[in-house]
Amino acid sequence: MARDLQIRRLLRPLWSLGAGLWLAGCSAVSAEELEQPYSFEERPFELAGISVEEAETLPLFAEDLCVVSDESAYDGSEVNSEAGLLLSLSDHSVMYSKNAFERLYPASTTKIMTALIAIKYGNLDDIVTVTDEAVITEAGATLCGIQPGDVLTLRQLLYGLMLPSGNDAGAAIAVHMSQSIQGFAELMNQEALRLGATGTHFVNPHGLHDENHYTTAYDLYLIYQEALKYPEFREVTKTTAYPAEYADKDGSPVSRTWEGGNWYMTGREETPEGLTVFSGKTGTTKAAGCCLVMASEEQGKEYVSIILKSENRNSLYDNMTNIISKIVN
């Protein structure tokens, strides 16, 4: 299993380089349709110490993924944010793409990866005692309000992470799972590479600004679509308000209500008729602008839409509405 994971990590950058040669949108093009079809047997796997026989046993990297091949097919003026992406999870088609591979700051959309790792590798029933690392003093940082010594479950911390976008919850999760912020960031980067998110580098679990903390719209899609495979992630991110009951350092009860910030889900922004938004994560910093990664459903089909670096929240939702309207129009 470990060797297979390592082989996949080595092959995925090779696949990404070659994907545009024979994939358009998300549909495979047969070798007969290409003037110079690429030979699987001639791929230089030996450079990575991988035999052709080993490589042939691995599943095709992009067979269940959307692949962006040509952004010139889309009208970039429809979105005035820096990047935008609309993808169908149901038929793996690309419906809109602008600057999908540009490295940008993710702000709190980082927390999608933090939640994924907590769900995938953690035990959500673990009892967590909050440490001093959860004290976030940066001006403007969003918090769920936990304090050192508070005792709550990892599952509760997920709600504190994803609904009020608690940077303190992100730090508490990181320390619980990896004993340090740095150790957890290393785990995040390992998972990003495993998913093929080669344009991503994380240094913290919450997305507070660091010039070495970046991603791309397409990488966020890779991370988000993986997270959506887990019912626990869907349950947390479909929730608009969560009553948290836990104990402080003295054992006294604490009661809070954590609320989500996706305007479509809270009713502050009108969703295009026929479309239901069922999951999402916002993110905002001065450097990242306003960002939103979300999932929606129409007639049993599911879609992921991403907007990065909008000027303000009103612009963010105008841009998002412009692209998700393509689903129903």
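Cut-offs applied
- The residue count restarts for each chain, going from 1 along the sequence in the order it is written.
- Reporting of local features is limited, given that this is a predicted model, to residues whose pLDDT is at least 70; pairs of side-chain atoms are given and counted only at 80 or more, and all residues count toward the totals for whole chains, interfaces and linings.
- The basis for every side-chain value is the complete set of heavy atoms in the structure, and neither hydrogens nor water enter the calculation.
- A pair of Phe, Tyr and Trp rings is counted when the ring centres sit within 6.5 Å of each other, with Trp represented by its six-membered ring. The angle between the planes then sorts it: under 30 degrees is stacked, over 60 is edge-to-face, the rest tilted.
- Relative accessibility thresholds used throughout: buried, under 20% of the residue-type maximum; exposed, over 50%; partly exposed, between the two (1.4 Å probe, protein chains only).
- Strands are runs of DSSP state E lasting at least 2 residues, helices are runs of H or I lasting at least 4, and numbering of each runs from the N terminus.
- Look at NZ for Lys and CZ for Arg. If either is within 6 Å of the ring centre and within 35 degrees of the ring normal, a charge sits over the ring.
- What we call a nonpolar core is a set of buried Ala, Val, Leu, Ile, Met, Phe, Trp, Tyr and Cys residues that are connected through their side-chain atoms within 4.5 Å.
- Here, residues are in contact when the closest pair of their heavy atoms is within 4.5 Å.
- The length a helix should cover is 1.5 Å for every residue beyond the first.
- Strands were regarded as paired on the criterion that DSSP finds at least two bridges between them.
- Axis definition: a line fitted to C-alpha atoms, limited for helices to the stretch in contact. Angles are taken between N-to-C directions and run from 0 to 180 degrees.

Q: Can you walk me through the packing of aromatic side chains in this structure?
A: Both the distance between ring centres and the angle between the ring planes are used here to describe each pair of aromatic rings. Going through the model one piece at a time under the given rule, you end up with nine aromatic pairs. With centroids separated by 5.9 Å and ring planes inclined at 75 degrees, the aromatic side chains of Y224 and F233 adopt a geometry described as edge-to-face. An identical accessibility class is assigned to Y224 and F233; each is buried. Aromatic pair Y264 and Y317: ring centres 5.2 Å apart, planes at 65 degrees, arrangement edge-to-face. Of this pair, Y264 sits in helix α9 (residues 263–266) while Y317 sits in helix α10 (residues 313–328), placing them 53 residues apart in sequence. Like Y317, Y264 is buried. Three or more aromatic residues joined by ring pairs form one cluster here, namely Y159, Y242, Y246 and W258. Sitting over the face of the ring of W263, R268 holds its NZ or CZ atom 4.0 Å from the ring centroid.

Q: What is the right way to look at the nonpolar core in this model?
A: Across soluble globular proteins, nonpolar side chains show a tendency to be buried alongside one another. Counting residues in each nonpolar core, the largest one holds 66 residues, and the members touching the most others are I146, Y221 and W258. With eight residues, helix α7 (residues 217–227) is the largest single contributor of residues to this core. Setting aside chain neighbours within four positions, we find Y221 in contact with D64, L65, C66, L85, L87, L89, V304 and I306. With 19 residues, the next largest nonpolar core counts C290, I323, I324 and I327 among its residues.

Q: Can you help me understand helix α5 (residues 167–178) in this one?
A: Helical geometry: 3.6 residues make up each α-helical turn, so side chains three or four residues apart lie on a common side. With 12 residues, α5 should cover 16 Å at 1.5 Å per step; its first-to-last C-alpha distance of 16 Å lies within 8% of that length. Counting buried positions along α5 gives 10 out of 12 residues, so the element sits mostly inside the fold. Taken residue by residue, α5 has N167, D168, A169, G170, A171, A172, I173, A174, V175 and S178 as its buried positions. Against the buried residues of α5 lie α3 (111–121), β5 (127–129), α4 (154–162) and α6 (181–194). Count one or two residues on from α5 and you reach Q179, which has phi positive near 70 degrees.

Q: Explanation requested: the sheet that holds strand β3 (residues 83–88) in the structure shown.
A: Note on sheets: strands pair through backbone hydrogen bonds, and any given pair is parallel or antiparallel. Taking strand neighbours across the sheet as the criterion, the five strands line up as β4-β3-β11-β10-β9 in an open arrangement whose pairing is antiparallel. Edge strands, defined here as strands with exactly one partner in the open sheet, are β4 (94–98) and β9 (276–285). Mean inter-strand twist for the sheet, computed between neighbouring axes without regard to direction, equals 10 degrees. Bridge analysis of β9 against strand β10 (residues 289–298) gives nine bridges, and the strand direction is antiparallel. Across the sheet, T285 pairs through a bridge with G289, a residue of β10. Packing of helix α8 (residues 231–238) onto the sheet brings it into contact with β9 and β11 (301–310), and relative to β9 it is tilted by some 75 degrees.

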